[in-house]
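Residue strings, one per chain:
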Amino acid sequence: MTESSSEATKRLNVKRQTLDDAYAAPANFLEIDVINPITHGVAKKRYTDYEVRMRTNLPVFKQKESSVRRRYSDFEWLRNELERDSKIVVPNLPGKALKKQMPFRQDDGIFEEEFVEDRRKGLEVFVNKIAGHPLAQNEKCLHMFLQDVTIDKNYVPGKIRNT
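Residues numbered from 1 in each chain as written. Predicted model: local features only at pLDDT ≥ 70, side-chain atom pairs only at ≥ 80, totals over all residues. Heavy atoms only, no water.

The name an unreviewed UniProt entry assigns to the protein chain is Sorting nexin-3, from the organism Ramazzottius varieornatus. Comment text from UniProt for the protein chain, heading Sequence similarities (unreviewed entry), reads "Belongs to the sorting nexin family." In the Function (unreviewed entry) part of its UniProt record, the protein chain is described as follows: "Required for retention of late Golgi membrane proteins. Component of the retrieval machinery that functions by direct interaction with the cytosolic tails of certain TGN membrane proteins during the sorting/budding process at the prevacuolar compartment. Binds phosphatidylinositol 3-phosphate (PtdIns(P3))." (UniProt positions renumbered as here; feature names shortened; annotations may be inferred.)

Next comes the structure, spelled out in structure tokens:
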């Protein structure tokens, strides 16, 4: 060894972080919120949809901000598409609550405020787990789900090409 022991063990020169660095926007971020549930219709035509709001600076997404409304069945569609076409393990959705859908209930069943809020939280966890996966971020179905007002269920599955 030719270098002295003090040189070999001295600290690396590390750039000190400034307040601007500490409070600047993160290098890469993806924020997805499932918010504002609204129940529409009456009787058998009744359903709840949710606003899915996304903000990101990831280059793979063509839009940096989007807001779309999605029903539970749209989340099921996304899960099925990813399960069929991608190489990732897709997390489960919050349950269907079949008992809450039985006729002649004394309450609002799946339209009760508490159930809708619990489902909203579960859907938010689900979509964030998926969107946070680097392989899922390249799937056309995820981009369509997060950014297109209407989902084209006849789309051709595949990857997004980063241009």
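(A) Highlighting the environment of valine 116. You can see valine 116 is positioned in helix H4 (residues 113–131). Here the alpha-carbon distance between valine 116 and threonine 39, two residues 77 residues apart in the chain, equals 9.2 Å. Once you skip the residues sitting within four places of it in the chain, valine 116 turns out to touch Pro37, Thr48, Tyr50, Ile110 and Phe111. (Helix = DSSP H or I, 4+ residues; strand = E, 2+ residues; numbered from the N terminus. Contact = heavy atoms within 4.5 Å.)

(B) Molecular detail of the packing of helix H3 (residues 72–85) against H4. The N-to-C vectors of H3 and H4 enclose an angle of 25 degrees; their axes lie 12 Å apart at closest approach. In terms of their interaxial angle, H3 and H4 are classed as roughly parallel. The handedness of the crossing between H3 and H4 is left-handed. Along the contact surface, H3 presents Tyr72, Phe75, Leu78, Arg79 and Leu82, while H4 presents Arg119, Leu123, Phe126, Val127 and Ile130. (Axes fitted to C-alpha atoms, helices over the stretch in contact; angles between N-to-C directions. Parallel < 35°, antiparallel > 145°, perpendicular 65-115°, else oblique. Left-handed = near helix turned anticlockwise from the far one by under 90°.)

(C) Just the layout of surface pockets, in detail. Considered as a void within the structure, the second largest pocket measures approximately 280 Å³ in volume. Around the second largest pocket, the lining comprises 15 residues; the ones closest to its centre are Tyr47, Arg71, Tyr72, Ile110 and Arg119. Mapped onto the lining of the second largest pocket, the elements with two or more residues apiece are strand E2 (47–56), H3 and H4. Considered class by class, the residues forming the lining of the second largest pocket number seven nonpolar, three polar and five charged. (1 Å grid on protein atoms, 1.4 Å probe; cavity = no way out; pocket = protein on both sides within 12 Å on 5 of 7 lines; lining within 4 Å. Points joined across faces, edges and corners; volume = space filled by probe spheres on them. Nonpolar A, V, L, I, M, F, W, Y, C, P; charged D, E, K, R; others polar.)

(D) Structural context of the nonpolar core. Counting 31 residues, the largest nonpolar core has Phe75, Phe145 and Leu146 as the members making the most contacts within it. When contributions to this core are tallied by element, the ones reaching two or more residues are strand E1 (30–40), E2, H3, H4 and helix H5 (140–147). Sort the elements by how many residues they give to this core and H4 lands first, with six residues. Non-local contacts of phenylalanine 145, meaning those with residues more than four positions away in its chain, are made with Val52, Val68, Arg70, Asp74, Phe75, Trp77, Leu78, Val127 and Ile151. (Core = buried A, V, L, I, M, F, W, Y, C linked by side-chain atoms within 4.5 Å. Buried < 20%, exposed > 50% of the residue type's maximum accessible area, 1.4 Å probe, protein only.)

(E) Just the pairing of strand E3 (residues 65–71), in detail. Of the two faces of E3, only one is covered, namely that formed by Ser66, Val68 and Arg70; the face formed by Glu65, Ser67, Arg69 and Arg71 stays uncovered. Examined bridge by bridge, E2 and E3 share seven bridges and lie antiparallel to one another. Pairing of glutamate 51 across the sheet is with arginine 69, part of E3. (Pairing = 2+ DSSP bridges.)

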